[in-house]
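Residue-level structure breakdown
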Amino acid sequence: MRFARCKTLENVSKTGKSIAIVGAGPAGLRAAGMLICMGHEVHVYDQMPEPGGLMIFGIPDYHVDTKSVREGVKELRELGVNFHNNVKVYGDGKGDKNLEELINEYDAVLIATGTWKSRKLNVPGENLKGVYVALDWLIDYYLYEKGYQPWDKVAPLGKRGLVIGGGLTAVDAAEVPLRYLKDKFGIEKVYLSYRRSRKEAPMKEREFNRLVEELHIEPLELTIPLEFKGEEKVEKVVLQRTRLVPVEKGRPKPIPIEGSEFEINVDYVMVAIGEIPSPPFENGCCGIEVESWGAIKTDEKFRTTRKGVFAAGDVKHGASLIGPAFKSGMDAAKYIDEYLKTSEW
Ligand SMILES: Cc1cc2nc3c(=O)[nH]c(=O)nc-3n(C[C@H](O)[C@H](O)[C@H](O)COP(=O)(O)OP(=O)(O)OC[C@H]3O[C@@H](n4cnc5c(N)ncnc54)[C@H](O)[C@@H]3O)c2cc1C
């Protein structure tokens, strides 16, 4: 996978300007690969032990090849991109590096921190042991699988699992344990609860069918969880059936059906109902405004409300795919270069 726009810097003259990129996912890496080839000094900060973002710590190898991501990062390093791994940049003094400091140290900053926060169900029992935020569980698994942490950091699964959601995270939360950990945890059955039908699922009907037909996942379409029950850990889930009501715009709305509640026995639950943008601050920082839904506010030139600070990728446009993140990083780099040349804001 190539992030760099050039093969060598032989004919590139140095501009003397420096940029800090926060987040080494596809958006940050692609921006780094553009900016280094424009003659700027580029520093990429990431909280994880290795660059790549969700391509390394969120998506299984059978979808995105780790080797090819690593080759792309190696090429960036050889071109002179400076990587600062294991550095959490944060605005509220909770990280390893303060965002305000970073903004003052560099000529421009690009925030590309993705969507590392997950939506909650807000139902009783959600904090019971064995009820996991799917993305957090997957990240822990990949940290183990890539040799960055011991096996005992991966939260245990069990015989019967329930995955809740209809997107890409739900696919992986169902499939990864079955592919790699079936025997280790003695997994016998995995249910998939989705509030609409497979036809409306963001993962697409074909993918839903594959999970059912190839992996024998038991679909529980048109259901929502009402409660998780258990003593020490989760043992049962109360689900309720829904019916779909057409709306003027968008997918039909699931409406709970009174009296349709039923229970299933489970040993673990993966909640995968969507990720939300995760800027590197919690309660606002540095004059950078966020939208009501959490994304960093930007204008058409990827500029935030703070001079010299740009945003790209999922933290700007919401949870999406690698392609749009790549494109976003590339576009942001163009506007950063323009700003560094003109100082116009
Ligand atoms: C489970 C799952 C499966 C997916 N499968 C696919 C798929 O098969 N195909 C596809 O095209 N897309 C898939 N996607 C979507 C895709 O991964 C994302 O759209 C894409 O990675 C977004 O790129 P990004 O660069 O914006 O952010 P990310 O890839 O999320 O990278 C953000 C980076 O920022 C770092 N970071 C965050 N906060 C801080 C901080 N405070 N300080 C320092 N570093 C920080 C993170 O460590 C991370 O490295 C999947 C997503 C998920 C969650």
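Everything here concerns the structure above.
Everything in this summary refers to the structure shown in the same document. (Residues numbered from 1 in each chain as written. Predicted model: local features only at pLDDT ≥ 70, side-chain atom pairs only at ≥ 80, totals over all residues. Heavy atoms only, no water.)

With that settled, consider the side chain of Thr304. Take Thr304: it is sitting in the loop between β17 (275-276) and β18 (309-311). A distance of 3.1 Å separates a polar atom in the side chain of Thr304 from the backbone nitrogen of Arg306. Among the polar contacts listed, one links the side chain of Thr304 to the backbone oxygen of Val309, at a separation of 2.8 Å. Those residues in contact with Thr304, other than ones at most four positions away along the chain, are Ile288, Ile296, Lys297, Thr298, Val309, Phe310, Ala311 and Trp345. (Helix = DSSP H or I, 4+ residues; strand = E, 2+ residues; numbered from the N terminus. Polar contact = N/O pair within 3.5 Å; in protein donor to acceptor, adjacent residues only side chain to side chain. Contact = heavy atoms within 4.5 Å.)

Looking now at the state of the cysteines. Going through the model one piece at a time under the given rule, you end up with 2 disulfides. The partner cysteine of Cys6 in its disulfide is Cys37, sulfur to sulfur 1.9 Å. Between Cys6 and Cys37, the S-S torsion sits near -80°, and that sign places the bridge as left-handed. Separated by 31 residues along the polypeptide, Cys6 in the segment before β1 (18-22) and Cys37 in the loop between α1 (26-35) and β2 (41-45) bring together distant segments of the chain. The exposure classification of Cys6 matches that of Cys37, with both residues buried. Paired by a disulfide, Cys285 and Cys286 hold their sulfur atoms 1.9 Å apart. For Cys285, a relative accessible area of 10% gives the class buried. Counting its disulfide-bonded cysteines in sequence order, the protein chain shows a connectivity of 1-2, 3-4. (Disulfide = S-S within 2.5 Å. Buried < 20%, exposed > 50% of the residue type's maximum accessible area, 1.4 Å probe, protein only.)

This brings us to the packing of α1 against helix α10 (residues 322-342). Where α1 meets α10, the axes come as close as 7 Å, and the angle between the chain directions of the two elements is 40°. With respect to α10, the axis of α1 lies oblique. Judged by the sense of rotation from one axis to the other, the crossing of α1 with α10 is right-handed. Each of Pro26, Ala27, Arg30, Ala31, Met34 and Leu35 in α1 lies in contact with α10, whose residues at this interface are Ile322, Ala325, Phe326, Gly329, Met330, Ala333, Ile336 and Asp337. Residues belonging to the contact of α1 with α10 are distributed by class as follows: 11 nonpolar, 1 polar and 2 charged. (Axes fitted to C-alpha atoms, helices over the stretch in contact; angles between N-to-C directions. Parallel < 35°, antiparallel > 145°, perpendicular 65-115°, else oblique. Left-handed = near helix turned anticlockwise from the far one by under 90°. Nonpolar A, V, L, I, M, F, W, Y, C, P; charged D, E, K, R; others polar.)

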